[in-house]
Every structure is written in structure tokens, then in C-alpha cells.
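For reference, the chains in residue letters:
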Amino acid sequence: KRLDAALVREKHRGTELLVAFVYLVEEHLRRTSVPDYHWPISMQDSPKTVPPSVKHTLRREPGSKVTLDVEVDAERLSRAADAAFQRHVQRAKIPGFRPGKAPRGMYERAYGKEHLWEDAADDLMDQTYREIVEAEGIEPIDRPEAKLTQLKEGEPLRYTATVVVRPEVALGDYSAHGATVEA
């Protein structure tokens, strides 16, 4: 195992050495069977968190459904709109400007700005939904039904997403029926 750590260091020259060292220590502790020793946070099972720019509430509803009420900061929405503008301006044909070189004001006068905010909202809804599902440990079975509830420039983005999840099953007492297994 020490040879593996050395090979990782020579090959990658970076953070992989630390990861390899942690794995070596974990394996050593497992082999020496130190009683009641637990890593507080395993590197592979590190908890996922939602960025502070996203606030959400989760409601479990009958029929194995989960509803997420999500609010995304106005600053993150603005950055997403800027990214949408950069994508759209590459294909825009505005007299006097080469493709991709028009200022945003000229682009918005020619094409409007509503579609930029809608594209930004679509992108953010997809990103934040995935972040929340991963952080909360939700196992969706189907695509979510998302409904945009607020989209205004300078204000937070708000939406609601409802998704069907794997149902929770509670097993009863299987030994209560009285059957026995003969060997």
C-alpha cells in the first residue's frame, strides 16, 4: 500500500497524495481492529449541502410525493441572466456589431430581455433542484412538476417543484403468522 501512495504522488503531484494517505490510515485502523473507532466524516460520504444562496422547504405529501418550495437569491439569478446573455449574444445579428460583440443594452432593445430572464430561471431551477435532491437524499422516480411562482428582475426567484419519490414501506411482524421453517 505504501507503494500505491508513492505512485499516486509521482503521477499526479497534488491532492491525491492526501487522499491516498487517508485511505492508508483507514485501512490500517481496520486491519488492526481498533475497537469503537469511527471516522467522524468519511471522505466518500461527505454530507452535501445546498449553497447559502438557495433557501428551500421540503414537504412530504400523501401518495409518495415531495413538494419543494425554493427561493434563489436575486444575485444568483442576475449572474444566470448574464450567462444567458453571453450565450444568446453569440448568435445575435445586430447592425453595426460582429456576432458576440454587441453591448447588452443594444441586444435588449433589439430582442427584449424577458427571454434572458426566462432562460436564467430555467437554468437555475434545474441546478437548484439537483442540488436540493442531492443534499436532502431524495430519490425521485419521475421528473418533477415545476411551477415558477416569481420571476422579476432584482428580486429572488421562487418556484415550487413536486416530484414522486420511492414510497416508504414499513414491514410488519413477519413472525406473527405462525409458520415455521424446517431445515
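Described below are features of the structure shown in this document.

Cut-offs used in this document
- Residues numbered from 1 in each chain as written.
- Predicted model: local features only at pLDDT ≥ 70, side-chain atom pairs only at ≥ 80, totals over all residues.
- Heavy atoms only, no water.
- Pairing = 2+ DSSP bridges.
- Helix = DSSP H or I, 4+ residues; strand = E, 2+ residues; numbered from the N terminus.
- Axes fitted to C-alpha atoms, helices over the stretch in contact; angles between N-to-C directions.
- Polar contact = N/O pair within 3.5 Å; in protein donor to acceptor, adjacent residues only side chain to side chain.
- Contact = heavy atoms within 4.5 Å.
- Buried < 20%, exposed > 50% of the residue type's maximum accessible area, 1.4 Å probe, protein only.
- Salt bridge = Lys/Arg side-chain N within 4 Å of Asp/Glu carboxyl O.

### Description of the sheet that holds strand β3 (residues 145-150)
The strand order across the open sheet built from four strands is β1-β2-β4-β3, with neighbouring strands paired in antiparallel fashion. Because the sheet does not close on itself, it has two edges, and the strands there are β1 (54-61) and β3. With direction set aside, neighbouring strand axes in the sheet form an average angle of 15°. Relative to strand β2 (residues 65-72), β1 runs antiparallel, the two being bridged by eight bridges.

### Regarding the side chain of Gln-150
By secondary structure assignment, the location of Gln-150 is in strand β3. A polar contact of 2.9 Å, which involves the side chain of Gln-150, links it to the side chain of Glu-155. In terms of polar contacts, Gln-150 uses its side chain to reach the backbone carbonyl oxygen of Pro-156, at 3.0 Å. Discounting chain neighbours no more than four positions away, the residues touching Gln-150 are Glu-155, Pro-156, Leu-157 and Arg-158.

### Describing unusual backbone geometry
Backbone geometry places Ser-64, a non-glycine residue, at a positive phi of 55°. Relative to the elements of secondary structure, Ser-64 occurs in the loop between β1 and β2. Among the residues examined, Ser-64 registers a relative accessible area of 25% and is labelled partly exposed.

### A word on the pattern of salt bridges
The final tally for this structure, using the stated rule, is 11 salt bridges. Notably, a salt bridge pairs Asp-69 with Arg-59, separated by 2.9 Å at the nearest N-O pair. Taken together, the residues Asp-69 in strand β2 and Arg-59 in strand β1 connect sequence positions 10 residues apart. We classify Asp-69 as partly exposed; its relative accessible area is 25%. The exposure class of Arg-59 is partly exposed, given its relative accessible area of 40%. Where Arg-104 meets Asp-82, a salt bridge forms, and the shortest distance between an N and an O atom there is 2.4 Å.

Note that every value here comes from positions in space, so none of it alone points to a role or purpose.
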